[in-house]
Amino acid sequence: MNTVVLAHLTEQAEKARNEAAKLLAEERQNKQKIALQLQTLQQYRNDYAVQLQQQMQNGIASNLLSNYRQFLASLDSAVTRAQNALVDQENKLDKSQQFWQTKQRKLASYETLVDRKQAAEVKIAMKREQKLADELSLAMYMRQRGLR
């Protein structure tokens, strides 16, 4: 494969891998945000449930009890939605991780080809140098034999 073509393919693969890495970082940040929102909702729901328990111990009007229960139900619904969003985001993160790994493997394969090509070129250059050194040695030997 032509060195220029291989260099171009390697460069393109590196760009694709870097874009995949950016996407992966964004998905990780999104997961953290959703997890934090879920944690906040759960804490708020727990705090509100504790307030309800305290109110019930002190005696609570039925309409206020109904309001508390409705609000807790809406918080439960929000927690469920946040849990589902977190699961969805974890799936996105997994796909993004796999996508990045695919791009990384492709880049690594091009880099391996570049390394092999360079190693082959070095080997050819070394053989060329060895051949020249051998020819020079032979020529010097022949001159010395011819001069004696």
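- Per an unreviewed UniProt entry, the chain goes by Flagellar export protein FliJ and derives from Pseudidiomarina tainanensis.

**Focus: helix α1 (residues 3-58)**
Logical step 1: With 56 residues, α1 extends 82 Å from end C-alpha to end C-alpha; this agrees with the ideal 82 Å at 1.5 Å per step.
Logical step 2: Burial in α1 covers these residues: Leu6, Thr10, Ala13, Arg17, Ala20, Leu24, Glu27, Ile34, Leu38, Tyr48, Ala49 and Leu52.
Logical step 3: One side-chain oxygen at the N-terminal end of α1 lies 3.0 Å from the backbone nitrogen of Val4; it belongs to Asn2.
Logical step 4: Within two residues after α1, Gly59 carries a phi angle of roughly 95°, on the positive side.

**Points about a nonpolar patch on the surface**
Logical step 1: On the surface, Leu138, Tyr141 and Met142 cluster together to form a nonpolar patch covering roughly 330 Å² of accessible area.
Logical step 2: Tracing the backbone shows Met142 in helix α2 (residues 62-147).

**Structural notes on the pattern of salt bridges**
Logical step 1: With the rule as written, the count across this model stands at 5 salt bridges.
Logical step 2: Lys15 serves as the salt-bridge partner of Glu11, at 3.5 Å between the closest nitrogen and oxygen. Highlighted residues: Glu11 and Lys15, both in helix α1, separated by 4 residues, approximately one helical turn.
Logical step 3: On the basis of relative accessible area, Lys15 is assigned to the partly exposed category, the value being 46%.
Logical step 4: The salt bridge involving Glu90 is made with Lys31; its shortest N-O contact spans 3.9 Å. In this pair, Glu90 sits in helix α2 while Lys31 sits in helix α1, placing the two residues 59 residues apart along the sequence.
Logical step 5: According to the relative accessible area criterion, Glu90 is partly exposed, its value standing at 30%.
Logical step 6: Looking at Lys31, the relative accessible area reads 29%, which means it is partly exposed.

**Some thoughts on the side chain of Thr10**
Logical step 1: One can find Thr10 in helix α1.
Logical step 2: With residues near it in sequence (within four places) discarded, Thr10 still touches Leu107, Tyr110, Glu111 and Val114.

**Focus on the nonpolar core**
Logical step 1: Among the nonpolar cores identified, the biggest contains 7 residues, and these are Tyr48, Ala49, Leu52, Leu65, Tyr68, Leu72 and Leu75.
Logical step 2: Those elements that place two or more of their residues in this core are α1 and α2.
Logical step 3: Considering every element that reaches this core, the biggest residue donor is α2, with 4 residues.
Logical step 4: Not counting chain neighbours up to four residues away, the residues in contact with Tyr48 comprise Tyr68, Phe71, Leu72 and Leu75.
Logical step 5: In this structure, Ile34, Val79, Ala82 and Leu86 belong to the second largest nonpolar core, which totals 5 residues.

Scoring rules and cut-offs
Residue positions are given per chain, counting from 1 as you read along its sequence in written order. Note on the predicted model: pLDDT of at least 70 is required for a residue's local features to be given, and 80 or more for side-chain atom pairs to be given and counted; whole-chain, interface and lining totals, by contrast, use all residues. Side-chain calculation: all heavy atoms of the structure are included, whereas hydrogens and water are not. Here a helix means four or more residues in a row that DSSP labels H or I, a strand means two or more in a row labelled E, and each is numbered from the N terminus. To estimate the expected span of a helix, subtract one from its residue number and multiply by 1.5 Å. Only protein chains enter the accessibility calculation, which uses a 1.4 Å probe. A residue is then buried if its area is under 20% of the maximum for its type, exposed if over 50%, and partly exposed in between. Polar contacts, as counted here, are pairs of nitrogen or oxygen atoms within 3.5 Å of one another; within protein the pair requires one atom able to donate a hydrogen and one able to accept it, and residues that are adjacent in sequence qualify only if both atoms are side-chain atoms. The residues that make up patches have over 30% relative accessible area and no salt bridge, and they are joined within 9 Å when like-charged or within 5 Å when they are Val, Leu, Ile, Met, Phe, Trp or Tyr. Per-residue and other accessible areas were derived by the Shrake-Rupley procedure at a 1.4 Å probe size, with only the shown protein chains allowed to occlude residues. The salt bridge definition used is simple: a Lys or Arg side-chain nitrogen within 4 Å of an Asp or Glu carboxyl oxygen. Residue contacts are counted whenever heavy atoms from the two residues lie within 4.5 Å of one another. Take the buried residues of types Ala, Val, Leu, Ile, Met, Phe, Trp, Tyr and Cys, join any two whose side-chain atoms come within 4.5 Å, and each joined set is a nonpolar core.

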